[in-house]
Each structure stands twice: as C-alpha cells, then as structure tokens.
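Each chain is listed here by its residues.
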Amino acid sequence: MDGYTSSEEENCYSDRDSFDGLDNEESDSQWVPPKPSSIKVITKESLLAAQKEDLRQVMELLSLREHHARTLLIYYRWDAEKLFAVLVEKGKSALFAQAGVPLVENHELDTSMNSSTVMCIICIEDVSGREVTKMDCGHCFCNNCWTEHFIVKINEGQSKRIRCMAHKCSAICDEAVIRNLVSKRHPDLAEKFERFLLESYIEDNKMVKWCPSIPHCGNAIRVEDDEFCEVECKCGLQFCFSCLSEAHSPCSCRMWELWLKKCRDESETVNWITVHTKPCPKCHKPVEKNGGCNLVSCICGQSFCWLCGAATGRDHTWSNISGHSCGRFKEDMEKNSERAKRELYRYMHYHNMYKAHTDSFKQESTLRETIREKVENLEKRDPSARDFTWVTNGLYRLFRSRRSLSYSYPFAYYMFGEELFKGEMTEKEREIKQNLFEDQQQQLEANVEKLSKCIEEPLDQLPDDRVMNIRMQVINLCVITDNLCQKMYECIENDLLGSLLFGIHNIAPYHSKGIEKATELTICHNSKACNAKKADDNGCTLESQGPSGSGSSDQSGYSSRKRPRKENFGAAFFDLNLPAEVLEGN
C-alpha cells in the first residue's frame, strides 16, 4: 500500500499573503493595517529573551527572585494565566506550596558557623562551616553531598525540578547554587543543566513547540490563542501545531493519524486476503481459488472445501466431494466476509478520491513556472495592459481549495464510518449528515475543477477579449471556492463535530488567505514601552476587524467546537496566497 501514499514533501506548498500588484478598482475603501500575527518564531537567539519575558511578569507581580519565578512557571507548564488563576483562587501560600517555593527564604548561614565545624546529617561527617550550603527552605548540608545529589538528578533528567535532600521536604533547590557547585566538578554537566532550564520553555509549554522540520531548523513556534491551528515556520515548513504532522485540516489529528496508518500498513491487504482467500486447514496459509470447482488444494498438499473450509479427500465430482457434506457452512462466516468486502470497497472509494486530488495538486504545482511565463508574455504583448496578478492569485486559491478538498475525503471516511463514532448517530442521522456534507463537498469539487480549467488556459495565445472573460471567471471562482471552503468548515464544526456527545475532535481553523506564517518574536525589555506597544497593537486589531476594501476575507479564521466567527464571507474578492518560491523569486 506504500504506493498509495504521498510524501509530505510532494504535498507541501506555502500559503503566503501579498498585496503587491493587487488589482482592485472596485473598492474605494481605505487600506486597513493587517492584524499583527499571533504566531511567533523563537530562534536560538530569542529563546532566552522569550523566557525572560514570562519570568519578568511573574517576578513583578509576586516580587520574587528569578529562580523562584522559574520554579512556579515550570510547575504550571509556563501557563501564566493558570498560575494567576491559582493565586486568586487559593492564595499565595497554596500557590507556593504546590510548586515547591518556600514562603520565607532562609538561605543565609549564621556567622558563627563559618568559624566552626558542622556535622552533615547525610554523610555524618564534620565539615568546615565554609563547606556547607543552606537552601531557601532552611536545610543545610555539606557541599559534597549537595553536589553528588545534583549530579545524580541531572543525569536522571530531573534538572528542571531538583528537590531538597531533606526528608519530606518538597522545596526546589536554588538553580544558582546547583550551577555553582556542579560547575566546579563537572563543567559539561553544568552546561547540560543550563540547557535543560532554557529548553524547558519549549519542552514543558503547550503553546510552544519545536518545528518538526528534517533536518531541524532550530526554530520553535509559539502560538497565543489556540493550539489547534496550522502554522508556517520561518524555514517554510507548514505543519499542524497540535500533532506536528503535515497540515491536514479539515481532518482532526486523530483522523489523520488513523488515515496515515491505514494507508501505510497492510490493513487493506489483510482485508483483501479476507475477501478473496480461505485459510488452509493444515498449514493455515491463505489460498486463492482460481477455478470453478469447490475442491481446492493448498501447496502443502491438503485438499479442502472452499465453501466451509473443512479438510477433505481428493475424490470429487462437479456436484459433490466424496465423503463430505457441506452442511457445516456457518452464516457468521458469510457475514464477516461480506462486511470485510464492504469495508474494503468503502475504503477504496475514499482513498481513490483522496489520491486523485493529491495527484491533481502535484500536476497543478508544476503550473507555477508556466503561469509566470504566460504572464510575462502577456505583459510583453501589451506593456500598458492591466495587471495580471489575478492569475497567480487564482493559482494559489486553487492550491488552497484543492488541499482542503483532498483532506475532506479522509475526514468523511471516519466521520461516517463506525471506527470512531459508533453509537454517536443513528443510521438515519448518519445518512442525513452524510448527504449534507457530500452536497457541499461536490459543489466545492465542481468549482475547483472549473478554476483549474481556467488557470490552465493558454492565456498568452488568446485574444484580449477572451483573456478578460477568463479573468472575470477566475475572480468569481476564487470567491465561490473560498466561500464553499468556509461553509464546508462551518458544516464540519457545527453540524458534524459540534454535535458529538462523546468524541472530541478539533480541527484547525480555515484561513481564506492561507496558513498563517509565523513572524519574528520581538522582545521589549522596557515594561512601559511594552504596554504602550500592546495598546497600539490592540488598536490595530480593532480596526482590522471592520470591513476592508482590500478584498481579503478572513483575518482570524475559526476552528471547531463552535468557535465564534467574525469574518464577512462576502468580502473575499481576491485570494492573496503567494508561496515561498514566488516571493523569493520576486
């Protein structure tokens, strides 16, 4: 079945926004600044600054030292909102106790201890007062015992939350003390400890994840609002933020995982074997019948009845087998065979449709250079002609719509099957919902094919009036396919997934302008300047939610579980998708 699957590289393309050369004379509205991106790229250089930004908020609110603020954030998985909610609900004492932060710091040693000897209760040895360390929780042990404890914990992978050695003490040790003691004996291990603390901001933060590019680009992506989204890294890779696989909406992550497994493993081969073969009663190998006689022979020499699978002798006629009566035929065997056959045909239908659209996408991807040559020829033919940006806009609207359409077939396979949602719908409800979805799916498919046909026209060889006619068709089809994609997503979110009682499946929101590209993370070290900048950004956001004459329809998109929708479907007259190759070429 490997031949049926398409690799991520073959299906990967980039949805990017561009206002360059936009031909939109129909609108007289003023240009509105775009909404600031809520998806940020965290590079190796900006990782420390991003962590410091969250630390600063907690330090200022609770008047804490940095390592205590980090202890709190690591415990609450860098979710500052959850941390503040616990603070309000349970109070400071409970907040600190749960995270292992001492309420009162007792890290200073008595001056009399420096000139005397102290017995360490761990190693039971007398050591100089200068060779002991007291943690914030008040417990004091010799530096050698502390160092050995820290080394063991770091090697065990517990660098981010190393507890005090004292019995029943849940306080987290001071990272500065750990760093100082370990570096004296194992500098490499101290660097490993530092790296673990730094990367905790990504490893333990559900809103920050490493880019899954191979080879790894070294970047991480941070989202602000919804973890169920599709993003594009600075390196150009597009992926689902939730499961880190290729972008697959409107499939949920669970559906896509099952679909990939179904396509890649031998599950359908097993189905075929079940339908077309019978096991030999002696060696149990599958045997395929290649004639009309019901007496078949295995390569091991055993003869058996094809109808009931029982071992028999070789003597037979066309009507019966000597010494054998086929009264042992079981009805459940027939039902199982029919069920396997039905499931196989159902899978083949959805897989063939999915594969047909992914193959079409591969073919249409080769149109990029052809379209560029056509536009260049048109501009040479008439330098004063109108702008031909509508051609590339139509091409990338075709890419976006084709991809949504192709992934809608794996979604339908699981949505209307019994593998995930058995018992969620009655047969009547399933039929009604399937008809509703397939009607929208077929409308989208028909208009995508029309758009593909228009894009493939030899524009540079047609007369001007024919080119203008195709131009209007492309613009109209861009609007239609965009609206149909949005309505299909709305149907999936509200009428299909939104009505489930038990299963919870989230899908990434649909963006008319394509998958949102992550922008560079900018860190403001001045809190007043940061607040002023956030206020300015919020002001831009409020303005950008109004009607825009630029023709872009969706700024925020929406996802499943009835996420509120803010966009105006009728406002999309131009698709602004531009892939990385085109932008870099320009």
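Residues numbered from 1 in each chain as written. Predicted model: local features only at pLDDT ≥ 70, side-chain atom pairs only at ≥ 80, totals over all residues. Heavy atoms only, no water.

In the nomenclature of an unreviewed UniProt entry, the chain is known as RBR-type E3 ubiquitin transferase of Daucus carota subsp. sativus. Its UniProt record gives the chain a comment under Sequence similarities (unreviewed entry), which states: "Belongs to the RBR family. Ariadne subfamily." Annotation of the chain in UniProt includes, under Catalytic activity (unreviewed entry), the sentence "[E2 ubiquitin-conjugating enzyme]-S-ubiquitinyl-L-cysteine + [acceptor protein]-L-lysine = [E2 ubiquitin-conjugating enzyme]-L-cysteine + [acceptor protein]-N(6)-ubiquitinyl-L-lysine." (UniProt positions renumbered as here; feature names shortened; annotations may be inferred.)

Q: Outline the sheet that holds strand β1 (residues 39-42), listing residues and values.
A: An order of β6-β7-β1-β16 is seen for the four strands of this open sheet, with the pairing classed as mixed. Every other strand in the sheet has two partners, leaving β6 (208-210) and β16 (519-520) as the edge strands with one partner each. Where β1 lies against strand β7 (residues 220-223), four bridges are found, and the strand directions are antiparallel. Counterpart to Lys-40 in the pairing with β7 is Arg-222. Contacts from helix α2 (residues 44-62) reach β1 and β7, with the element oriented near 120° to β1. Of the strands in this sheet, β1, β6 and β7 touch helix α9 (residues 187-203), which is tilted by about 105° from β6. (Pairing = 2+ DSSP bridges. Helix = DSSP H or I, 4+ residues; strand = E, 2+ residues; numbered from the N terminus. Contact = heavy atoms within 4.5 Å. Axes fitted to C-alpha atoms, helices over the stretch in contact; angles between N-to-C directions.)

Q: Residues and numbers for the pairing of β1, please.
A: In β1, alternate side chains face the same way, and those of Ile-39 and Val-41 on one face and Lys-40 and Ile-42 on the other are all buried. Alignment of β1 against β16, held across two bridges, turns out to be parallel. Among the inter-strand pairings, Val-41 is bridged to a residue of β16, identified as Glu-520. (Buried < 20%, exposed > 50% of the residue type's maximum accessible area, 1.4 Å probe, protein only.)

Q: Hey, could you go over the packing of helix α14 (residues 389-415) against helix α16 (residues 464-496) for me, with residue numbers and the actual values?
A: At a minimum axis distance of 10 Å, the contact between α14 and α16 shows a crossing angle of 30°. Comparing their axes, α16 and α14 come out roughly parallel. Our pair here, α14 against α16, has a crossing hand that is left-handed. Here the contact of α14 with α16 is composed, by residue class, of 13 nonpolar, six polar and four charged. (Parallel < 35°, antiparallel > 145°, perpendicular 65-115°, else oblique. Left-handed = near helix turned anticlockwise from the far one by under 90°. Nonpolar A, V, L, I, M, F, W, Y, C, P; charged D, E, K, R; others polar.)

Q: Tell me about the state of the cysteines, and please be specific about residues and values.
A: With the rule as written, the count across this model stands at zero disulfides. There is no disulfide at Cys-145, and the cysteine sulfur nearest it, in Cys-142, is 3.3 Å away. (Disulfide = S-S within 2.5 Å.)

Q: Any details on the side chain of Ser-401? Residues and values, ideally.
A: As for its position among the elements, Ser-401 is in helix α14. Discounting residues that sit within four places of it in the chain, Ser-401 has contacts with Val-448, Thr-481 and Cys-485.

Q: Before we move on, could you go through helix α4 (residues 80-90) and cite the residues and values that matter?
A: Listed in full, the buried residues belonging to α4 are Ala-80, Leu-83 and Val-86. The arc that holds the buried residues of α4, viewed along the axis, is 125°, so those residues lie on one side. Relative to its buried face, α4 has exposed residues pointing more than 90 degrees away, namely Glu-81, Val-88 and Glu-89. Of the surrounding elements, those touching the buried residues of α4 are α2, α3 (66-75) and α5 (92-99). At the N-terminal end of α4, a side-chain oxygen is found 3.3 Å from the backbone nitrogen of Glu-81, two or three residues along, and the residue is Asp-79. (Arc of directions from axis to C-beta. Polar contact = N/O pair within 3.5 Å; in protein donor to acceptor, adjacent residues only side chain to side chain.)

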